[in-house]
Amino acid sequence: MPSSSVDSDSLLQHRSFVAFWIARAASSFGFQMLSIVVSWQIYSITGRAFDLGLIGLVQFFPSVALALVAGHVADQFDRRRVVLLGQMVEWLAIAALAWLSLTHHVNEVIILGLIFIISTAKAMEAPSLQSMLPALVPPHLLARAMAANSVSGQAAAMVGPALGGFLYVAGAGVAYSVCAVLYLLSIVMVSRLRYEQAPPRRVPATFKTLFAGISFIRNRPDVLGVISLDLFAVLLGGATALLPIFAHDILHTGPWGLGLLRGAPAVGGLIVGFWLSHRALKRNVGMTMFTAVAGFGVATLVFAFSTSLWLSMLALFALGGFDMISMVIRGALVQLDTPDDMRGRVSAVNSIFINTSNQLGEFESGLMAAWVGAVPAAAIGGVGTLIVVGLWMIGFPALRKRQKLENDVVTP
């Protein structure tokens, strides 16, 4: 339950949420720093691009393979303890990376093995972590709380890699040590927050219980509409995977221009997320979500046909902002329409869709670019997003007409 008055409209007055936000920010910054340090260290050791691909593989496999099991665990055990256990394992692995790097006993196999351990712990922790937030703030503040969390995530994505690269100058061991300190701060914050969860009804892990999240989503039209809209919009809107082609061949800019293009969506998302964290979404949330996804498609089209660096940056800035709006609304709708005893499994299914759609979206964009060229591929993605929005508005009329985030009745 929230730690302060339910009637309060200030997120800062909910101390458990503040502790949760600090924990998420610290671990996000630590993970972003870790990602850049690991990739740089492995490449400096081996000089093989293939090993960089292995980093992604050892992270992707656990996130998909363990998602349903992690969702079941989140609904069967104390979520705060699950998160604490996962983060302690991650901290120990990062501390091991720091010690081995400082003592020069590290190699690519050890690094990949420890990253696999970290990824496994994150996969088991993720549904519990995502399911905790609705218990830390009142329902009418959930969207703002999710926006505030997204702001910290965007800031970490923008600043974390640069900070990790700067610290790497002093040595990989130093950079890993700072990551370990950030994770330790996250562990302390999670251990301090007040989190009350109804005693879960223990059931064995069977095929039915593991896939209960899928059954729940299939029987809830609004939840199904939100998650499937996200899946297809991301699949069709992966134009950012083509940024190197646009930067070099179309906009005729160098690495500095590519950096500006890559940063533009994050800046747009950061600004809009900060705005959403201070503004409640009180009405027309369904149409607002569809409009935001349509805006994402239009911004993709503008980017596809732009031949100006600044117009392309503006389009990507808008793309990031529209994506933030739809992401906050989608996330809040899914959490509020799901009973607490199902949130872990539904979050797990949602994370599978997000992970796979991101990966497949980049593959689809690359494949289309190889077939028809980068500009037609991005344009097709933008048009496809608009078509999906139109079809989903027709196919999910209740979602289109939805006025507020909170449902009047939520039953298991």
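Since we're looking at a predicted model, the values are computed, not measured. (Residues numbered from 1 in each chain as written. Predicted model: local features only at pLDDT ≥ 70, side-chain atom pairs only at ≥ 80, totals over all residues. Heavy atoms only, no water.)

K.L.:
An account of the overall build of the protein is requested, with residue identities and associated values reported.
P.N.:
In terms of helices and strands, the protein carries 17 helices and zero strands. Computed over its C-alpha atoms, the radius of gyration of the protein comes to 21 Å, within 12% of the 22 Å expected for a compact globule of 412 residues. Taken along its principal axes, the extent of the C-alpha atoms in the protein is 55 × 50 × 40 Å. Of all 412 residues assigned to the protein, the portion counted as buried reaches 50%. Long-range contacts, defined as pairs at least 24 residues apart, comprise 86% of the intrachain contacts of the protein with a sequence gap of at least 6. (Helix = DSSP H or I, 4+ residues; strand = E, 2+ residues; numbered from the N terminus. Rg over C-alpha atoms; globule rule 2.2 N^0.38 Å. Buried < 20%, exposed > 50% of the residue type's maximum accessible area, 1.4 Å probe, protein only. Contact = heavy atoms within 4.5 Å.)

K.L.:
Provide a residue-level description of the nonpolar core, including the pertinent values.
P.N.:
Formed by 61 residues in total, the largest nonpolar core has its most connected members in Phe17, Leu133, Met289 and Leu405. With eight residues, helix α14 (residues 309-336) is the single largest residue contributor to this core. Non-local contacts of Leu133, meaning those with residues more than four positions away in its chain, are made with Phe17, Phe20, Leu142, Ala145, Met146 and Asn149. Leu100, Ile115, Leu167 and Tyr183 belong to the second-largest nonpolar core, a separate cluster that totals 26 residues. (Core = buried A, V, L, I, M, F, W, Y, C linked by side-chain atoms within 4.5 Å.)

K.L.:
Account for the domain arrangement of the protein, naming residues and giving values.
P.N.:
Split by domain assignment, the protein resolves into domain 1 (13-194) and domain 2 (206-406). Listed per partner, the contact involves 28 residues of domain 1 and 38 residues of domain 2. Both sides together, the interface formed by domain 1 and domain 2 hides about 2700 Å², and carbon and sulfur atoms give 71% of it. The interface formed by domain 1 and domain 2 holds two salt bridges in total. One salt bridge in this structure joins Arg79 and Asp340, with 2.8 Å as the shortest N-O distance. Here domain 1 is connected to domain 2 by seven residue pairs in polar contact (both at pLDDT 80 or more). Looking at the side of domain 1 that touches domain 2, the elements that each hand over two or more residues are α2 (49-65), α3 (67-76), α5 (108-132) and α6 (142-168). The element contributing the most residues to the side of domain 1 that touches domain 2 is α6, with 11 residues. When the residues that make up the side of domain 1 that touches domain 2 are grouped by side-chain class, the tally is 17 nonpolar, eight polar and three charged. (Domains from an automatic or database assignment. Buried area = accessible area lost by both parts, 1.4 Å probe. Salt bridge = Lys/Arg side-chain N within 4 Å of Asp/Glu carboxyl O. Polar contact = N/O pair within 3.5 Å; in protein donor to acceptor, adjacent residues only side chain to side chain. Nonpolar A, V, L, I, M, F, W, Y, C, P; charged D, E, K, R; others polar.)

K.L.:
Describe the packing of aromatic side chains, and please don't skip the residues or the numbers.
P.N.:
Applying the stated criterion across every chain yields a total of four aromatic pairs. For the pair Trp40 and Tyr168, a centre-to-centre distance of 6.3 Å together with 70 degrees between the ring planes defines the contact as edge-to-face. Here Trp40, found in helix α1 (residues 15-46), pairs with Tyr168, found in helix α6; they are 128 residues apart in sequence, far enough to count as distant. Put simply, the rings of Phe232, Trp392 and Phe396 pair up and form one aromatic cluster. Looking at Lys122, its charged tip hangs above the ring of Phe31, at a distance of 4.6 Å from the centre. (Phe/Tyr/Trp six-rings, centres within 6.5 Å; stacked < 30°, edge-to-face > 60°. Lys NZ or Arg CZ within 6 Å of the ring centre and 35° of its normal.)

K.L.:
Just give me the short version of helix α12 (residues 255-276), but keep the residues and values in it.
P.N.:
Taking 1.5 Å of rise per residue, 22 residues should cover 32 Å, and α12 covers 32 Å from first to last C-alpha, within 8% of that figure. At Gly263, α12 shows its strongest bend, of approximately 30 degrees, with the proline Pro265 following within four residues. Listing the buried residues of α12 in full gives Gly257, Leu261, Ala264, Pro265, Ala266, Gly268, Gly269, Val272, Gly273 and Leu276. Against α6, α11 (243-250) and α14 lie the buried residues of α12. (Expected span 1.5 Å × (residues − 1). Bend = angle between axes of the 7 residues up to and from the residue.)

K.L.:
Give me the packing of helix α10 (residues 221-236) against helix α13 (residues 285-305): which residues, what numbers.
P.N.:
Between α10 and α13, whose axes approach to 12 Å, the crossing angle comes to 5 degrees. Between α10 and α13, the angle falls in the class roughly parallel. Residues Val226, Leu229 and Ala233 of α10 form the contact with α13, whose own contacting residues are Met289, Phe290, Val293 and Phe296. Grouping the amino acids of the contact of α10 with α13 by side-chain chemistry returns seven nonpolar, no polar and no charged. (Axes fitted to C-alpha atoms, helices over the stretch in contact; angles between N-to-C directions. Parallel < 35°, antiparallel > 145°, perpendicular 65-115°, else oblique.)

K.L.:
Describe the side chain of Arg345, with residues and values.
P.N.:
Along the chain, the position of Arg345 falls in helix α15 (residues 343-372). Engagement of the side chain of Arg345 in a polar contact is seen with the side chain of Asp75, the distance being 2.8 Å. Those residues in contact with Arg345 that sit more than four places away from it in its chain are Gly71, His72, Asp75, Thr209, Ala212 and Gly213.

K.L.:
Give me the UniProt feature "transmembrane region" (unreviewed entry) in the protein: which residues, what numbers.
P.N.:
According to UniProt, the positions carrying the feature "transmembrane region" (unreviewed entry) are residues 21-43, 49-70, 82-103, 165-185, 223-247, 259-277, 289-319 and 368-394. Between the C-alpha atoms that bound residues 82-103 the distance is 32 Å, and the span itself is 95% helix and 0% strand. (UniProt positions renumbered as here; feature names shortened; annotations may be inferred.)

K.L.:
Lay out helix α7 (residues 172-192) with the relevant residues and their values.
P.N.:
If you check α7, its first and last C-alpha atoms are 31 Å apart, about what 21 residues at 1.5 Å a residue would give, namely 30 Å. Among all positions of α7, only Ala172, Gly173, Ala175, Tyr176, Cys179, Ala180, Leu182, Tyr183, Ser186, Ile187, Met189 and Val190 are buried. In the core, the buried residues of α7 are packed alongside α1, α4 (79-102), α5 and α6.

K.L.:
Help me get a handle on the environment of Val137, residues and values and all.
P.N.:
Note on placement: Val137 falls in the loop between α5 and α6. With a relative accessible area of 2%, Val137 lands in the buried category. Along the chain, Val137 and Leu11 lie 126 residues apart, while their C-alpha atoms are 7.7 Å from each other.

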